[in-house]
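# Understanding the architecture of this molecule
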Amino acid sequence: MAESTPIELPVIDISNPHDFAVGKAMLDAAAKYGFLYVNSKGTDFTAEDVDHGFGLSKKFFASPAVEKENCRIEPNNRGWSGMHIETLDPEHQRTGDFKEAMNFGDFKDGKAQQPLPPSLQPHESEIKDFAGLCNKTCTRILTLLALGLEITPDFFTTRHDPSTGPTGSILRYLFYPSLQRESTKSYSHDRDVRAGAHSDYGSITLLFQRPGQPGLEIFTPERTWAPVPIIPGNGLTKDGEEYPFPPILVNIGDLLSYWTDGLLKSTVHRVVFPLAEQQGDDARDRYTLVYFCHPVDSTELVPVPGEVVKLHRETSEGIGQGVVGFGGGAGSLEKGKRPLTAHEHLMSRLEATYGFKKDE
């Protein structure tokens, strides 16, 4: 079995969040692929910031299980989920995902609003600072998307401002064990994946990856699975320089696709055991840092204004074009119904993933 051809996605420099041309380029990528890279040199992250984040993640996942159990995930989507707890594609998966995760919600007055395990308690401020940099990066991206959509530049950012109320935003540490680990001994190469096929729930997602730890694939418009390179192209910026760390991969979530009536694509993706690892040639653990950006909970998801979305709605007859091939979150507001709030949208997805009841 040969590996599929990797997909080529654009790399966008967001150092100037007020550049209309960049906004248009970002809109084109978000509408065509639902995925794009952000040049790491155009953000406020340093390589040290990212390395330290991965170091804290590895420290947590190596800690005793009893410490993790005291922080087990709650219906508010904060805390630790263990191996096989999540099943992102229950229709096709034999078992739950081969991964562990730790979710951090909003910080208030510099403090986490959830229990932290002993391994991370001394690093609360560092986790908060990393989440803050993620939020700042999302602010730039959302500003550029608003420019591309030809709407008020702060349309999205004012509705994602955590100073105005709680949000569903999550910083997540993820650990996918290699096939050499005891926790993966039940793996079946033709049926199991590290993370099942799914689309993300929120507005936009930031994904930080490590060199040499592949596995992400997206479901293309041609209805095939395509690997996503950790470092795009020849591994250099357009100026011929090395990236300080792999470019941040950005993708559109269901909520933003729903909000724009399907103009922006919430593309289905999954994480697999790479072919080389399945054949026993190169077994490696995979670690990622993810930031899921969500609006303020009370935000009403009325259709985004402006001629760009309106034209798309008219040409697509308002049917919603977001999630490709697996159902999902894109769509238009039905007449006579109250708009969903951001919190309601998120909780409906969490219920499907974890089995949490809505009244919880």
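The rules behind the values
- Sequence order as written defines residue numbering, which begins from 1 separately in each chain.
- With the structure being a predicted model, the display of local features is reserved for residues of pLDDT at least 70 and the display and counting of side-chain atom pairs for 80 or more, all residues being used for whole-chain, interface and lining totals.
- Side-chain calculation: all heavy atoms of the structure are included, whereas hydrogens and water are not.
- Numbered from the N terminus, helices here are DSSP runs of H or I no shorter than four residues, and strands are runs of E no shorter than two.
- Each residue gets one of three labels from its accessible area relative to the maximum for its type: buried under 20%, exposed over 50%, partly exposed in between, using a 1.4 Å probe on protein chains only.
- This count recognises Lys and Arg as positive and Asp and Glu as negative, with His and chain-terminal groups excluded.
- The term salt bridge refers to a side-chain nitrogen of Lys or Arg lying within 4 Å of a carboxyl oxygen of Asp or Glu.
- Two strands qualify as a pair provided that DSSP identifies no fewer than 2 bridges between them.
- Here an axis means a line fitted to C-alpha atoms, over the contact stretch when the element is a helix, while the angle between two N-to-C directions is reported on a 0 to 180 degree scale.
- Reported orientations rely on four angle classes, namely roughly parallel under 35 degrees, roughly antiparallel over 145, roughly perpendicular from 65 to 115, and oblique for the rest.
- Handedness of a helix crossing follows the sense of rotation of the near helix relative to the far helix, less than a right angle counterclockwise being left-handed and clockwise being right-handed.
- Here, residues are in contact when the closest pair of their heavy atoms is within 4.5 Å.
- Three residue categories are used. Nonpolar comprises Ala, Val, Leu, Ile, Met, Phe, Trp, Tyr, Cys and Pro, charged comprises Asp, Glu, Lys and Arg, and polar comprises the others, including Gly.
- What the arc measures is the spread of directions leading from the helix axis to the C-beta atoms.
- pLDDT gives the predictor's per-residue confidence on a scale running from 0 to 100.

Here we take up the side chain of Lys 265. Relative to the elements of secondary structure, Lys 265 occurs in the loop between helix H5 (254-259) and strand S13 (269-271). Asp 28 is the oppositely charged side chain nearest to the buried, salt-bridge-free Lys 265, at an N-O distance of 11 Å.

What follows covers the sheet that holds strand S8 (residues 195-198). In spatial order, the strands read S8-S13-S10-S11; together these four strands make up an open sheet with antiparallel pairing. Each end of this open sheet is capped by a strand with a single partner; those strands are S8 and strand S11 (225-227). In this sheet, neighbouring strand axes are inclined to one another by 20° on average, regardless of whether the strands run parallel or antiparallel. With three bridges joining them, strand S10 (residues 216-219) and S13 adopt antiparallel strand pairing. Paired with Leu 216 across the bridge in S13 is Val 271.

In terms of residue burial, strand S9 (residues 204-208) counts as a mostly covered element, since five of its five residues are buried. Residues Ile 204, Leu 206 and Phe 208 of S9 are buried on one face, and the alternating residues Thr 205 and Leu 207, pointing to the opposite face, are buried as well. One ladder, built from four bridges, connects S9 with strand S12 (residues 248-252); its direction is antiparallel. Across the sheet, the residue bridging to Leu 207 is Leu 249, located in S12. Across five bridges, S9 lies against strand S14 (residues 286-293) in antiparallel orientation. Of the residues in S14, the one forming a bridge with Thr 205 is Phe 292.

Looking now at the packing of helix H2 (residues 47-61) against helix H4 (residues 124-149). Taken N-terminus to C-terminus, the directions of H2 and H4 make an angle of 130°; their axes are 11 Å apart at the nearest point. Here H2 is positioned oblique relative to H4, judged by the angle of their axes. The crossing of H2 and H4 is left-handed. Counted together, Asp 49, Val 50, His 52 and Leu 56 of H2 and Glu 126, Ile 127, Phe 130 and Leu 133 of H4 form the full contact between these two elements. Looking at the contact of H2 with H4 residue by residue, the class counts come to five nonpolar, one polar and two charged.

A word on the pattern of salt bridges. Proximity of charged atoms lets side chains of opposite charge pair with each other. Within the structure shown, the criterion is met by 14 salt bridges. One salt bridge connects Lys 24 with Glu 150, and the closest N-O pair in it is separated by 3.1 Å. With Lys 24 in helix H1 (residues 20-32) and Glu 150 in the loop between H4 and strand S7 (170-176), this residue pair connects regions lying 126 residues apart in the sequence. The salt bridge partner of Glu 100 is Lys 68, with a shortest N-O separation of 3.1 Å. Note that Glu 100 is positioned in strand S4 (residues 100-104) and Lys 68 in helix H3 (residues 65-69), a separation of 32 residues in sequence. Members of the salt-bridge network, linked through shared partners, are Glu 86, Asp 97, Lys 99 and Arg 172.

Moving on: the pairing of S10. Where burial is concerned, the two faces of S10 agree: the one with Leu 216 and Ile 218 and the one with Glu 217 and Phe 219 are both buried. Of the strand pairs in this sheet, S10 and S11 are connected by three bridges, and their pairing is antiparallel. For Ile 218, the partnering residue across the bridge sits in S11 and is Ala 226. Hairpin remark: S10 followed by S11, antiparallel, with five residues in the connecting loop; positive phi at Arg 223, about 65°.

Among the residues making up helix H7 (residues 307-316), those that are buried are Val 308, Val 309, His 312 and Ser 316. Projected down its long axis, H7 carries its buried residues within an arc of 95°, all on one side. Away from its buried face, by an angle of more than 90 degrees, H7 presents the exposed residues Glu 307, Leu 311 and Glu 314. Looking at the buried side of H7, the elements it contacts are H1 and H4.

One can find Val 22 in helix H1. With 123 residues separating them along the chain, Val 22 and Leu 145 place their C-alpha atoms 8.9 Å apart.

Here the focus is the confidence of the model for the protein chain. Per-residue pLDDT for the protein chain averages 87, and the proportion of residues at 70 or more is 86%. A low-confidence stretch, residues 319-333 (pLDDT under 50), is modelled with 51 contacts involving residues beyond four sequence positions or located in other chains.

Sheets are built from strands that pair by backbone hydrogen bonding, the pairs being arranged parallel or antiparallel. Strands sit in the order S1-S2-S12-S9-S14-S7-S4-S3 across an open sheet of eight strands; the sheet is mixed. Both outer strands of the open sheet, strand S1 (11-12) and strand S3 (79-81), are each paired with one neighbouring strand and no more. Sheet topology places S4 next to S7; five bridges connect them, and they run antiparallel. From the neighbouring strand, Ala 101 faces S7, where its bridge partner is Leu 174. Where H1 meets the sheet, it contacts S1, strand S2 (35-38) and S12, and its direction lies at approximately 140° from that of S2.

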